[in-house]
Amino acid sequence: MLSLLLRRARAQWSLLLSLLAVLTVGATFLGTCALLVTRTSDRAFEVAVRDDPEAAEVVAYTATIAAGDAASVAVDTRRVLVSAVAPFEVTTAARASSVMRALPGGGDREAYLSGIEDLDSRASLVSGGWPRKGQAAVLESTARLLGLSVGSRVTLGEELGVGGAPPVTVTVSGIVRPLPGGGWDRDPLRGKGFDADPPNATSARKVQAYGPFIVGLDALLTSGSAIERLEIVAHPDLSAPNTRDLNAIASTLGEADRRLSGALADRVQIERVSSPLPQTLADARAQQRLTTAAVLALTLIGVLLTAIALTLAGRLAASSRTEEASLLSAMGTGRGQFAVVAAAEALALAGLAALLSIPASSALHSLLTRVPPLSAAGLTTGPAVTLAQLLAVGAGVLLLAILLVGLAIRPAAAVGDRRGRRELLARSGADVLLAALAAVGWWQLRAQPPDAGSRADVVRVVAPALLLTAGAALALRLLPPVLRYAERLADRSRGLVLPLAVVQAARRRQAFAAGLLIALGCGAATFGLAYDATWRASQHDQADVAVGTDAVVTLDGPATPGQGAAVAAAAGGTVSPVTRGPVVIGQSAGGPTAVPQLLALDLTHARELLRGRATVSAGLAPGSRADGLAVPAKAVPALAGRGPLPVVPRLVFEDGTGLRTACTGPETPLDGRAHRLAGCAPAAAARLVAVALQPVGVADEAEGAVEATLTVPGATGPSSWTAHQAAQLASPAVTVTGDRVRLRAVVQFADPYDGARQLVASSFPDPREVPVAVSQRLADDLHAGPGSTLSLSYGNTPVPARVTEVIPTVPSAPGAPAVLADLDLLSRALISHGDLESPVTAWWIGDPARTSTLEALGLGPVTTRAGEAARLTGSPVRAAQPAAMRLLVAAAVVLLLGGVLLHVASDLRDRALEVARLRGLGVSRREIRAALFGEHAGVILPLLLCGAAVGALATWGVAPLMIRSDTGAQPVPAAAAHWPWGREALLLGFLTVAAGIVVTVTVAVQARRADAAHLRVAS
């Protein structure tokens, strides 16, 4: 038996080589995909975490610590954090703030001490030096308001509260300015140096808070001061992570809060450990599963192609061995012996294919990682062999070998049956069954809920392959009627070549032997290109909606005058201040995963700013701009007046970008004298749009009249201003004459809340209701529509709103319940209700000339639409998907052309006698070649067109349903099918030309061999 195998292999080496080639191509494709979903996937998970150092930050918050426990709490908190991120090396930084202390000059002024590690990296020196023992540094704004300079001695009174520490005296060592990104958003006063209404005030009545007075951290912890808050930040070194350690750290961080609570016990009242790292790891895992599902779906298509190509090659092999099988049967060879010979041959081919495909798949995978998108994602790697790769290749070649054995041991009658696959499928109804299964798969895929998640379920893996295979099988039913119609037309021709070619194509069943492979191969290749285009277009659409505009600078701290000009100078384009954050609607702030969001921007530039299919109607257009008083640069305002109590003046200026910021002056007595507000002189020309006076303290009388005049040298503008009513104000009025703003009101003192008697005047009226557009999700949740009224609360300020329209989604809040409003009208409503703080949290830039310079401003994180699209299409955990798409296209093209070569060569070999007889009848070799070429072209070209149609149908049917967002949810906006006409035309052109070359060369070679010698031998 072994000698029979060896002799047959020597005689039929070309046939066995073709079987080996198909097996090797399929196994190589399978091994490469296995490496993509294992080695590349694991590596991508590690790189994704390594490239996002901010996501690795771990923060421990503790609050209300007794003076004697401060040092030990800091030590134990560091120890818990270091152990929580083991085995990674870690660096820590701490900052602490004391409880409030009384500040000399009045019982309503408070200050606090802060200890900050690495202060020189968080602030810059304006004058003086860094603090030493007994010294403190103060912020520039605090020094200006308190009249401090280097060398000033300040005595902070005893701590407010029961049993507070005694007073402490410090010397001002330096004046510092907060650096952007220095963590000042975690300071009690957010790095502003002053707050007229601090959130952590220890008194029930309104106080003014100043600070911090910055001392050394160790000095603060050992000074005997009670600590209001202590924050320690740990930064693990994730420069070289591995999956095992990342999984371990995710587990230990989940227990860190409990461990910290046990370690600190009753030494603190509040403790918490917070880190985005576990969620970052979970998000990376979700994206990893999404990519794996997509790669598996593409892999299954490639495996089906390989199986069909191998079936074609096996059938052709069995057909060529018909006479050999008949002879061996006549000599007494049984089916068992046939099976043993076939199994031995198949296993030998499978073994050789495995030996070739393992290094080939390793090399191909390494090559893929060296080209975009894998190389751009930092996933370049060398050739390697993994267990998953070996198992995939081994299982693949074994299953294909079993298929080959089944084809080889068919009965001789079946072997000799020359029916094409089209006839077999049509006779058995398998194509109809495939179509039914494909319809069920499409329906199941379409019925998946929007929050189906990122799991690699069977439906999403199998549906594309089912639809492509069913479409290719049904396409084979359509081709014979077309060819029979062409046959009737060809009968009218007077020549020989065209009728001969068309008749052979229409009547020979064997002409369709490779039909399923050609149609499915072309369908898979075109689907791969279109799926890639659809996926990329969807990622860009998602990026448009997620960012909202071309570039966004999210502020680390409060917006300040001049920021807009700096952003415009750095980036160019249209610059607008933006409010983006959570908002309360009615009595509910929403659930933990559905908090309503507010987006307010300058809608006069909506066309230049908004991206992502966002449009708003004219009903949401803003009103006219507030004029205000034009104030020259460096003009120092002065306040004079009469009243029972001193007031804290606040002036709201608007710069050229539309940013409104409030300047808070010092506590000013209304004693009839003019008091300069030096700290409120604008650095550049601006417009004064609002003024507020906040009485400080409680008068002995039940009410008192307040009259004050604000003089702004050089100010000009309209005289029409509005005084806004407050609960404890009577008859508020404002008069503007030239550069003077006069305010009058009767202040009542029945309510202890100071905010109820704040006198506010502005250059605009109260808008009453702010027109808004709401997202479809919010409209559904609230059952709201155009004309509905909403009660919004931004911070603690109520903002009545009216819905003008419902839009699919609000830019920068994809799929969330969200509200879109005009920033100017929102600001007017807030100021009218006494909230003068700027709501601006970001800067949006439309059509920027450049974005690389924005990071250098140090205002906060910069997000660009192009960068977000690049992250979604080329991030490490997603880069394997486009690579697998390209791999599928290449494999489909190779298998298709290989199938064409096998089919044409086998067909012409079997028809050598027919060709020789035509030569004997006087038909020229040129005419024979033309007829044979026309016959195969008449079958292959329609099959390619049918395959392209099948690929288009699959793209329309399943590609949008396969695409998910990076969290596994339904993408926003919904994905739409894209057919890249240019690339598809190039692919079809290449397939047509390449198939034509294969047919031409094969026909020329085979026709040359079919000469008179064949006729003599056959006779």
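Nothing here was measured: the structure is a model prediction, and the numbers come from that model.

Draft legend 1. Region of the structure containing the overall build of the protein chain. Per the secondary structure count, the protein chain includes 27 helices and 33 strands. Excluding contacts between residues fewer than 6 apart, the proportion of contacts in the protein chain whose partners are at least 24 apart in sequence is 82%. Accessible surface for the protein chain amounts to roughly 42,300 Å². Of this, 59% is attributable to carbon and sulfur atoms.

Draft legend 2. Representation of a negative patch on the surface within the structure. A cluster of acidic residues, D52, E54, D185 and D556, forms a negative patch on the protein surface. Here D52 is to be found in the loop between α2 (13–50) and β1 (58–65). The partly exposed category is assigned to D52, whose relative accessible area is 33%.

Draft legend 3. Region of interest: the confidence of the model for the protein chain. Of all residues in the protein chain, 82% attain a pLDDT of 70 or more, and the chain-wide mean is 83. Low confidence marks residues 589–593, where pLDDT is under 50. Its contacts with residues over four positions away, or in another chain, come to five contacts.

Draft legend 4. Summary view of the state of the cysteines. Across all of its chains, the model carries one disulfide by this definition. The disulfide partner of C663 is C680, and the S-S distance across this bridge is 2.0 Å. Handedness of the C663-C680 disulfide follows from its S-S torsion of about -90°: it is left-handed. You can see C663 sitting in strand β20 (residues 660–664) and its partner C680 sitting in the loop between β21 (675–676) and β22 (686–695), a full 17 residues away along the chain. You'll find C663 and C680 in the same group, each marked buried. Here C946 is not disulfide-linked; the sulfur of C522 is the nearest cysteine sulfur, at 9.3 Å.

Draft legend 5. Representation of the sheet that holds strand β23 (residues 703–711). The five strands are arranged β21-β18-β23-β26-β25 in an open sheet whose pairing can be described as antiparallel. Each edge of the open sheet is held by one strand with a lone partner, namely β21 and β25 (729–737). Here strand β18 (residues 638–642) runs beside β23; their pairing, made up of five bridges, is antiparallel. The residue of β23 that forms the bridge with A640 is T709.

Draft legend 6. Representation of the packing of helix α16 (residues 515–547) against helix α21 (residues 865–874) in the model. Contact pair α16 / α21: the axes reach a minimum separation of 8 Å and the direction vectors enclose 135°. Regarding the angle of α16 to α21, the classification is oblique. Remark: the crossing between α16 and α21 carries right-handed chirality. Within the contact between the two elements, α16 uses W535, R536, Q539, H540, Q542, A543, D544, A546 and V547 and α21 uses R865, E868, A869, L872 and T873. Grouping the amino acids of the contact of α16 with α21 by side-chain chemistry returns six nonpolar, four polar and four charged.

Draft legend 7. Looking closely at the pairing of strand β2 (residues 90–98). Sheet topology note: the β2/strand β11 (residues 227–236) ladder contains nine bridges and is antiparallel. Each bridged residue has a counterpart across the sheet, and for A94 the counterpart in β11 is I232. Bridge count for β2 against strand β4 (residues 109–116) is three bridges, and the pairing is antiparallel. Looking at the pairing, R95 lines up with I116 of β4.

Draft legend 8. Seen up close, a nonpolar patch on the surface. On the surface, L347, L398, L399 and I402 cluster together into a nonpolar patch covering about 410 Å² of accessible area. A total of three residues in the nonpolar patch trace back to one element, the largest contributor, which is helix α10 (residues 387–408). Relative to the assigned elements, L398 resides in helix α10.

Draft legend 9. Summary view of the environment of A779. Inspection of the secondary structure puts A779 in helix α19 (residues 776–782). Here A779 falls in the buried class, since its relative accessible area comes to 4%. Excluding its chain neighbours within four sequence positions, the residues that come into contact with A779 are V774, A784 and V806.

Draft legend 10. Inspection of the sheet that holds strand β30 (residues 797–807) at higher detail. Read across the sheet, ten strands follow the order β15-β29-β30-β28-β31-β16-β14-β32-β13-β33 without closing on themselves; strand pairing throughout is mixed. With one partner strand each, in any of the chains shown, β15 (584–585) and β33 (862–864) form the two edges of the open sheet. Pairing of strand β28 (residues 770–775) with strand β31 (residues 818–822), which is carried by three bridges, proceeds in the antiparallel orientation. Bridging from a neighbouring strand, V774 pairs with V819 of β31.

Draft legend 11. Region of interest: α21. Those residues of α21 lying buried are E868, A869, L872 and T873. All buried residues of α21 lie within an arc of 125° about the axis, which places them on one face of the element.

Draft legend 12. Molecular detail of the pattern of salt bridges. On inspection of all chains with the given rule, the structure shows 22 salt bridges. Here E255 ties to R258 by a salt bridge, and the two come within 3.7 Å at their closest N and O atoms. With E255 and R258 both in helix α6 (residues 243–264) and three residues apart, this pair spans about one turn of that helix. Residue classification places R258 among the exposed positions, given a relative accessible area of 57%. Salt bridges sharing partners connect three or more residues here, namely E654, R660, D824 and R828.

Draft legend 13. Focus on the pairing of strand β32 (residues 842–846). Where burial is concerned, most of β32 is hidden: five out of the five residues are buried. Residues of β32 alternate between two faces, with A842, W844 and G846 on one and W843 and I845 on the opposite face, all of them buried. Here four bridges tie strand β13 (residues 551–554) to β32, and the two strands are oriented antiparallel to one another. What sits directly across from V553, in β32, is W843. Bridge count for strand β14 (residues 574–582) against β32 is five bridges, and the pairing is antiparallel. Looking at the pairing, V575 lines up with I845 of β32.

Draft legend 14. Molecular detail of the packing of helix α3 (residues 70–84) against α6. Two elements in contact, α3 and α6, have axes whose closest approach is 8 Å; the angle formed by their N-to-C orientations is 160°. One finds that α3 runs roughly antiparallel with respect to α6. Seen along the crossing, α3 lies across α6 with a hand that is right-handed. Residues V73, D76, T77, R79, V80, S83 and A84 of α3 touch α6, and the partners they reach there are I249, T252, L253, A256, R259, L260, A263 and L264. Among the residues making up the contact of α3 with α6, the classes are represented as nine nonpolar, three polar and three charged.

Draft legend 15. Looking closely at the nonpolar core. Counting 102 residues, the largest nonpolar core has F527, Y531 and V900 as its most contacted members. At 16 residues, the largest contribution of residues to this core is made by helix α22 (residues 880–910). In this structure Y531 touches A294, L298, Q881, M885, A959, M962 and I963, once residues within four positions along its chain are discounted. One finds V73, L156, L217 and L246 within the second-largest nonpolar core, a separate group that totals 54 residues.

Draft legend 16. Just the packing of aromatic side chains, in detail. For the structure on display, the rule yields three aromatic pairs. Seen from their ring centres, F194 and Y210 are 4.8 Å apart, and the 50° between their planes marks the pair as tilted. Taken together, the residues F194 in strand β9 (residues 194–195) and Y210 in strand β10 (residues 208–215) connect sequence positions 16 residues apart. Given the relative accessible area of 3%, Y210 is considered buried. Centroid distance F527 to Y531: 5.5 Å. Interplanar angle 20°. Geometry classified as stacked. Residue F527 and its partner Y531 are both found in helix α16; the two are separated by four residues, about one turn of the helix.

Draft legend 17. Focus on the environment of A600. Here A600 shows up in strand β16 (residues 597–601). Note on A600: relative accessible area 0%, which makes it buried. As a C-alpha pair, A600 and V578 span 22 residues in sequence and 5.7 Å in three-dimensional space. If sequence neighbours within four positions are ignored, A600 has contacts with P577, V578, T579, A821, D822, L823 and L826.

Draft legend 18. Structural view of unusual backbone geometry. The omega torsion of the bond from G211 to P212 falls at 10°, within 30 degrees of zero and hence cis. Within the secondary structure, P212 is located in strand β10. Between P372 and P373 the backbone carries a cis peptide bond, its omega angle lying at 5°. Relative to the elements of secondary structure, P373 occurs in the loop between α9 (335–368) and α10. Positive phi is not limited to glycine here, since A265 has a value of about 50°. Among the structural elements, A265 can be located in the loop between α6 and β12 (268–274). Of note in the backbone geometry, K634 takes a positive phi value of approximately 65° without being a glycine. Within the secondary structure, K634 sits in the loop between β17 (629–631) and β18.

Rules of the game
- Residues numbered from 1 in each chain as written.
- Predicted model: local features only at pLDDT ≥ 70, side-chain atom pairs only at ≥ 80, totals over all residues.
- Heavy atoms only, no water.
- Helix = DSSP H or I, 4+ residues; strand = E, 2+ residues; numbered from the N terminus.
- Contact = heavy atoms within 4.5 Å.
- Areas by Shrake-Rupley, 256 points an atom, 1.4 Å probe, with all protein chains shown as cover.
- Patch = residues over 30% accessible without salt bridge, like charges linked within 9 Å, V, L, I, M, F, W, Y side chains within 5 Å.
- Salt bridge = Lys/Arg side-chain N within 4 Å of Asp/Glu carboxyl O.
- Lys, Arg positive; Asp, Glu negative; His and termini not counted.
- Charge placed at Lys NZ, Arg CZ, Asp CG, Glu CD.
- Buried < 20%, exposed > 50% of the residue type's maximum accessible area, 1.4 Å probe, protein only.
- pLDDT = per-residue confidence, 0-100.
- Disulfide = S-S within 2.5 Å.
- Pairing = 2+ DSSP bridges.
- Axes fitted to C-alpha atoms, helices over the stretch in contact; angles between N-to-C directions.
- Parallel < 35°, antiparallel > 145°, perpendicular 65-115°, else oblique.
- Left-handed = near helix turned anticlockwise from the far one by under 90°.
- Nonpolar A, V, L, I, M, F, W, Y, C, P; charged D, E, K, R; others polar.
- Arc of directions from axis to C-beta.
- Core = buried A, V, L, I, M, F, W, Y, C linked by side-chain atoms within 4.5 Å.
- Phe/Tyr/Trp six-rings, centres within 6.5 Å; stacked < 30°, edge-to-face > 60°.

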